[in-house]
Amino acid sequence: MITRMATVDDAPAVADLVHRAYRSDESRTGWTTEADLVGGQRVDAAMVSELVTSPTGVVLVAEDDDGLLACCHLERRDAVAYLGMFAVRPRHQGRGTGRAMLSAAEEHAARAWGAATLEISVINHRHELIAWYERCGFARTGVEHAFPYGDERYGLPQRDDLVLLEMVKRLGPAA
């Protein structure tokens, strides 16, 4: 598995990977999906292109001979790096690909930006995913953010009780 920074040329493949991992029928073959919580798109190629070209962030991709395996977006926020759009090809979930991608993201945030903390937001009903992040060293902060209801760019909610739970992980020697 090779990890690198995505380019604008990768945007369609990244958008496809994210959709397949989060919301497609294929996502149900992995160990975690949000297809029953939110339908529609998670991100499109234009949104990924904006993230790739942003001066405050980077999109990382992991690939093998068959194409993209995983991706994530990192955004620099002072001493904190925000991790989003974290996706693993469904048939590669549970094989260590996600941990390897997370490790690459943590290393990039700490090395390139000097980030001391990595922050994420997870939909409150994604219990398996929350537990996975906790096993990876993240802790819930108790902060909840409103789900972007009404903004179809982020999907079509299937429930009216979705919120985003904030979780953080300290980076550095003790991480």
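Preceding this section is the structure that the text describes.
Residues numbered from 1 in each chain as written. Predicted model: local features only at pLDDT ≥ 70, side-chain atom pairs only at ≥ 80, totals over all residues. Heavy atoms only, no water.

(A) The side chain of glutamate 34, seen in detail. Structurally, glutamate 34 can be placed in the loop between helix H1 (11-22) and strand S2 (38-39). Of the polar contacts made by the side chain of glutamate 34, one reaches the side chain of arginine 126; its length is 3.2 Å. Setting aside residues up to four positions removed in sequence, glutamate 34 forms contacts with Tyr22, Arg23, Arg42, Ile123 and Arg126. (Helix = DSSP H or I, 4+ residues; strand = E, 2+ residues; numbered from the N terminus. Polar contact = N/O pair within 3.5 Å; in protein donor to acceptor, adjacent residues only side chain to side chain. Contact = heavy atoms within 4.5 Å.)

(B) Examining the nonpolar core more closely. Counting residues in hydrophobic clusters, the biggest one holds 29 residues, and the most contacted among them are Leu83, Phe86 and Tyr133. Within the residue set of this core, elements represented by two or more residues are strand S3 (57-64), strand S4 (67-77), strand S5 (80-88), helix H3 (97-113), strand S6 (117-123), helix H4 (127-135) and strand S9 (163-170). Residues within four places of leucine 83 in sequence aside, it is in contact with Cys72, His73, Leu74, Leu102, Ala105, Leu118, Glu119 and Ile120. Ala15, Leu17, Val59 and Val61 belong to the second-largest nonpolar core, a separate cluster that totals 18 residues. (Core = buried A, V, L, I, M, F, W, Y, C linked by side-chain atoms within 4.5 Å. Buried < 20%, exposed > 50% of the residue type's maximum accessible area, 1.4 Å probe, protein only.)

(C) Broad picture of the environment of leucine 68. Mapped onto the fold, leucine 68 is located in strand S4. Residue classification places leucine 68 among the buried residues on the basis of a relative accessible area of 14%. Sequence spacing of leucine 68 and alanine 110 is 42 residues, and the spatial spacing of their C-alpha atoms is 24 Å. Discounting residues that sit within four places of it in the chain, leucine 68 has contacts with Ala13, Val14, Leu17, Val61, Ala62, Glu63 and Arg89.

(D) View of the sheet that holds strand S7 (residues 139-146). Taken together, seven strands build an open sheet; the order of strands is S1-S3-S4-S5-S6-S9-S7 and the sheet is mixed. Whereas interior strands pair on both sides, the edge strands pair on one side only; in this sheet they are strand S1 (2-5) and S7. Recorded for the sheet is a direction-independent mean angle of 30 degrees between the axes of neighbouring strands. Note: S1 against S3, four bridges, orientation antiparallel. Counterpart to arginine 4 in the pairing with S3 is valine 61. Helix-sheet contacts for helix H2 (residues 45-53) involve S3, S4 and S5, and the interaxial angle to S3 is about 110 degrees. The sheet contacts of H4 involve S5, S6, S7 and S9, and relative to S6 the element is tilted by about 165 degrees. (Pairing = 2+ DSSP bridges. Axes fitted to C-alpha atoms, helices over the stretch in contact; angles between N-to-C directions.)

(E) Spatial organisation of H3. In this model H3 runs 24 Å from its N-terminal to its C-terminal C-alpha over 17 residues, within 8% of the 24 Å that 1.5 Å per residue would give. Three or more residues of H3 are buried, namely Thr97, Gly98, Met101, Leu102, Ala104, Ala105, Glu106, His108, Ala109 and Trp113. (Expected span 1.5 Å × (residues − 1).)

(F) Spatial organisation of the packing of aromatic side chains. Overall, the coordinates contain five aromatic pairs when judged by the stated rule. Ring centres of phenylalanine 86 and tryptophan 132 lie 6.0 Å apart, and the angle between their planes is 35 degrees; on these two criteria the pair is classed as tilted. Here tryptophan 132 lies in helix H4 and phenylalanine 86 lies in strand S5, a separation of 46 residues in the sequence. When sorted by exposure, phenylalanine 86 lands in the same class as tryptophan 132, which is buried. Here the aromatic residues Phe86, Trp132, Tyr133 and Phe138 are joined through ring pairs into a cluster of three or more. The side chain of arginine 42 reaches across the aromatic face of tyrosine 22, ending 4.9 Å from its centre. (Phe/Tyr/Trp six-rings, centres within 6.5 Å; stacked < 30°, edge-to-face > 60°. Lys NZ or Arg CZ within 6 Å of the ring centre and 35° of its normal.)

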